[in-house]
Amino acid sequence: MLLKEHLLKNLDKKLASLIFEISKMCELIRRELPYRRGKTTMKNMFGEIQLVVDEWANQFIIEELKKTGLVKTLVSEEEADIVKMSKNGIFNISLDPLDGSSNIESNNLVGTIIGIYKKDFPAPGRNQKAALYMLYGPLDTLVYATKKGVHEFLLTNEGFILIRENIKLPTKGKLYSVGGLRKDWSSGFKEFVEGVEEKGYKLRYGGSFVGDFNQILHYGGIFAYPSLVNKPEGKLRLVSESNPISFIVEQAGGRSSNGKKSILDREYKSLQQRTPTYVGNKDLIETLEKTLKQ
Ligand code: FDP
């Protein structure tokens, strides 16, 4: 089944149309990746040097979304403020145009992450109507989630075709994928990681949130970019990165946490806010929360 048919069968027309338009943008980003290489001289609001492709993908998605007339406002990792889109738009969008940019040079996994809301920003992630990511990898896949389930599509010459419907995390996970330097982890987090190592979970960390989470969705386990001693909120951006992935993992029967509660229930004051991010199988997240509390 093609993505368009799947969307129209399961969602209301406007949400279906928005997700389909986004999938076309991701397809074009995929095609442009080889031609948009190198660094700009600009920094984003997090002080990170923007790559040509980051900058381009950000502008491209914003312009294309404006054309749909469906989007009222947008927040992006590459924009300091809320971007006003179409007056009559009904959706608000969070965007990470190219997640895992440090993987571009070495040709490892990267992706695009999007959260879709009807509520205006600032809105906790729980208010998302849908979330999706596109993984630019050996295969290009798009995973979208609504409250009706999580589905995966493969980009082919015929378009995006359904390869997995109603994805649920495997009951018993296999992997752990953990960012940050071990010396900067809290003692509770070190203890948790030692525990999963003892239980035989295998370490697989690639340095792109989309890629690292995608393997947890398929094989089960936990992804963590933890709170660090000198950076208590960790690295990942709450609005553009952690909220959409948390929505997807929870719809797939897993859990998200900032160490204390679901990331989706975090209130926030600034678009720049970061959050410790733990996503994966419920049992592991529960053990982690208990260990961190001690
Ligand atoms: P990147 O800096 O390459 O854009 O938040 C962005 C992110 O990648 C995530 O995709 C990834 O999980 C994490 O940062 C990687 O950080 P480390 O380089 O510290 O491992």
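A brief structural summary. A quick note: this is a predicted structure, and the numbers were derived from the prediction, not measured. (Residues numbered from 1 in each chain as written. Predicted model: local features only at pLDDT ≥ 70, side-chain atom pairs only at ≥ 80, totals over all residues. Heavy atoms only, no water.)

A few words now on the overall build of the protein. Each helix and strand counted, the protein has 7 helices and 15 strands in total. Taking 19 Å as the expected radius of gyration for a compact globule of 294 residues, we find that the protein reaches 18 Å, a close match to that expectation. Seen through its C-alpha atoms, the protein measures out along the principal axes to roughly 50 × 45 × 35 Å. Counting only residues that meet the buried cut, the protein has 57% of its 294 residues in that class. Taking the contacts inside the protein whose residues are at least 6 apart along the sequence as the reference set, 59% of them involve residues at least 24 apart. Side-chain charges in the protein split into 44 positive and 36 negative, and the spacing between the mean points of these groups amounts to 4 Å. (Helix = DSSP H or I, 4+ residues; strand = E, 2+ residues; numbered from the N terminus. Rg over C-alpha atoms; globule rule 2.2 N^0.38 Å. Buried < 20%, exposed > 50% of the residue type's maximum accessible area, 1.4 Å probe, protein only. Contact = heavy atoms within 4.5 Å. Lys, Arg positive; Asp, Glu negative; His and termini not counted. Charge placed at Lys NZ, Arg CZ, Asp CG, Glu CD.)

Moving on, we come to the pattern of salt bridges. Under the definition given, this model contains 14 salt bridges. Residues Asp-140 and Arg-30 are paired through a salt bridge, measuring 3.1 Å at the closest nitrogen-oxygen approach. Taken together, the residues Asp-140 in strand 8 (residues 140-146) and Arg-30 in helix 2 (residues 13-32) connect sequence positions 110 residues apart. Overall, the relative accessible area of 13% leaves Asp-140 in the buried class. Overall, Arg-30 belongs to the partly exposed group, its relative accessible area being 22%. (Salt bridge = Lys/Arg side-chain N within 4 Å of Asp/Glu carboxyl O.)

So, on to the site of the ligand. Around the ligand sit 13 residues, and of these Ser-102, Tyr-205, Tyr-225, Lys-235 and Glu-241 come closest. Note that an oxygen atom of the ligand is positioned 3.1 Å from one of the backbone N or O atoms of Ser-101. The contact in question runs from an oxygen atom of the ligand to an N or O atom on the side chain of Ser-102, over 2.5 Å. When isolated, the ligand has an accessible area of 470 Å², and the protein chains bury 82% of it. Of the residues assigned to the shell around the ligand, the class counts are 4 nonpolar, 5 polar and 4 charged. Residues lining the shell around the ligand come from more than one domain, with at least three contributed by each of domain 1 (3-164) and domain 2 (175-293). (Near = heavy atom within 4 Å. Polar contact = N/O pair within 3.5 Å; in protein donor to acceptor, adjacent residues only side chain to side chain. Areas by Shrake-Rupley, 256 points an atom, 1.4 Å probe, with all protein chains shown as cover. Nonpolar A, V, L, I, M, F, W, Y, C, P; charged D, E, K, R; others polar. Domains from an automatic or database assignment.)

Any link to function would need more than the numbers given here.
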